[in-house]
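# A look at the structure
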Amino acid sequence: MDFKLKSFKTVINVSKIANIHYFEFTNQYHTYKDTHGFCELVYVDSGEIIVEAENYSGRLYDNQLIIHRAGESHSLRCSSSQSPNVIIIGFECKSNILDSFSVKPTNLSKVCIKLLTEIIKEGRNVFLPPYDVPNVKDMKKRKDCPFGADQLLKLKLETFFIELIRSADPAENNSESDLSDSKINDIYLYVTENFRERINLSELCFMYRTNKTTLCSSFKNAYGETIIKYINRLKIQETKKLLREGELSLTEIASVVGASSVHYLSRLFKVYEHKSPSEYVASIKK
C-alpha cells in the first residue's frame with residue numbers, strides 16, 4: 001500500500017513586505033493621514049501614542065499592538081510628555097483573518113514578544129539601514145543577505161500572526177529584564193557584527209527583552225567596558241584600518257562606520273587615540 005501524503009493548510013500568507021522599522025519618536029511627533037494598499041502593524045515598545053484610524057481611535061500603551069487594514073486611513077501622534085519607541089511593519093496579507101486586530105489594542109504575550117524580536121533581528125538581515133527614518137517609500141534589500149533570510153522573515157511573520165491569534169490579550173506580566181550569560185554573549189556577537197550601523201540601545205533592549213540599566217551593567221560586568229565604549233572602540237579600530245588603506249576620505253569613512261558626522265568621528269578619534277585622524281595618518285607615513 002502506498003503512503004498517503006497530506007498537504008498543508010495555509011491559514012495566513014504574508015505575500016509581500018513594505019518595511020520594518022523601529023522608531024524612537026520625539027514628543028509631539030505626528031504623521032498625517034495615510035492610506036496604502038497593505039496592512040500595517042503598529043506596536044508600542046515603550047511610552048504611548050495616539051492612533052487615529054477608521055476602525056480605532058485612541059491610545060496605544062506599552063506592549064500594545066494594532067494592525068491597520070489595507071486601504072484604511074490612519075495616523076499617529078505623540079503627546080507632549082511622551083517620547084515613545086514604536087515598531088511599524090508594513091506587509092501584504094490578502095486574508096481578512098487579522099481584521100479583528102484593527103478595532104482595538106491587543107496586549108502581546110511573552111511568546112509573541114519573543115517572536116517580534118526575532119522578526120526585527122531577521123529584518124536586519126534582509127533590509128539595509130536606515131531603520132528609523134519615517135516615510136521611506138522604498139526600503140532597500142541587502143544583496144548579500146544570509147541564506148534563506150527572505151523566506152525566514154516571511155515564516156517568522158506568519159508564525160507571529162498565528163501565535164497572536166491564539167494568545168490575544170493574555171493576562172500575564174511581560175516585563176522580562178534579566179540577562180543570562182548566553183544572552184549577553186548574543187548581544188556581544190550582534191554588536192560586533194553590526195557596529196558599522198547606528199545601533200539603537202532602545203531597539204537592542206527590545207530585541208533581547210531587557211532595559212538599558214540591565215543591559216549596560218551586564219555588558220560591563222561581562223566585558224569590562226560599557227557597550228557604548230565597546231561600539232565606539234570598534235568604530236575607531238575600523239577607522240584606523242580604513243585610514244591606513246588610504247582609499248576613502250574621512251567623510252566617506254564616517255559613513256562606512258556609522259558615525260553621525262565626520263566632525264563627531266574626528267572628536268571620537270581624538271578621545272581614543274589622543275590625536276586627530278590627520279595626525280594619525282601623518283604618524284603612520286613617518
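Higher on the page you've got the structure.
These notes cover the structure that comes with them.

Cut-offs applied
- Residues numbered from 1 in each chain as written.
- Predicted model: local features only at pLDDT ≥ 70, side-chain atom pairs only at ≥ 80, totals over all residues.
- Heavy atoms only, no water.
- Pairing = 2+ DSSP bridges.
- Helix = DSSP H or I, 4+ residues; strand = E, 2+ residues; numbered from the N terminus.
- Contact = heavy atoms within 4.5 Å.
- Axes fitted to C-alpha atoms, helices over the stretch in contact; angles between N-to-C directions.
- Salt bridge = Lys/Arg side-chain N within 4 Å of Asp/Glu carboxyl O.

## Remarks on the sheet that holds strand 8 (residues 106–107)
- Strands sit in the order 1-7-2-5-8 across an open sheet of 5 strands; the sheet is antiparallel. Lying at the two open borders of the sheet, with one neighbouring strand each, are strand 1 (14–24) and strand 8.
- Two strands pair when backbone bridges link them, and strand 2 (residues 39–46) and strand 5 (residues 64–68) are joined in this way by 5 bridges, in the antiparallel orientation. Along strand 5, the bridge assignment pairs Glu-40 with His-68.
- In the packing of helix 1 (residues 110–126) onto the sheet, the strands contacted are strand 1, strand 2 and strand 7 (85–93), and the crossing angle to strand 1 comes to about 95 degrees.

## What about the pattern of salt bridges?
- Applying the stated criterion across every chain, the model contains 16 salt bridges.
- Where Arg-142 meets Glu-197, a salt bridge forms, and the shortest distance between an N and an O atom there is 2.6 Å. Here Glu-197 lies in the loop between helix 3 (181–194) and helix 4 (201–207) and Arg-142 lies in the loop between helix 1 and helix 2 (149–166), a separation of 55 residues in the sequence.
- Because the salt bridges share partners, they merge into one network encompassing Lys-114, Glu-118 and Lys-156.

## Here we look at the sheet that holds strand 3 (residues 48–53)
- Spatially, 3 strands are ordered 4-3-6 in an open sheet, and the strand pairing comes out antiparallel. The two strands at the open ends of the sheet, each matched to only one other strand, are strand 4 (57–61) and strand 6 (74–77). Mean inter-strand twist for the sheet, computed between neighbouring axes without regard to direction, equals 25 degrees.

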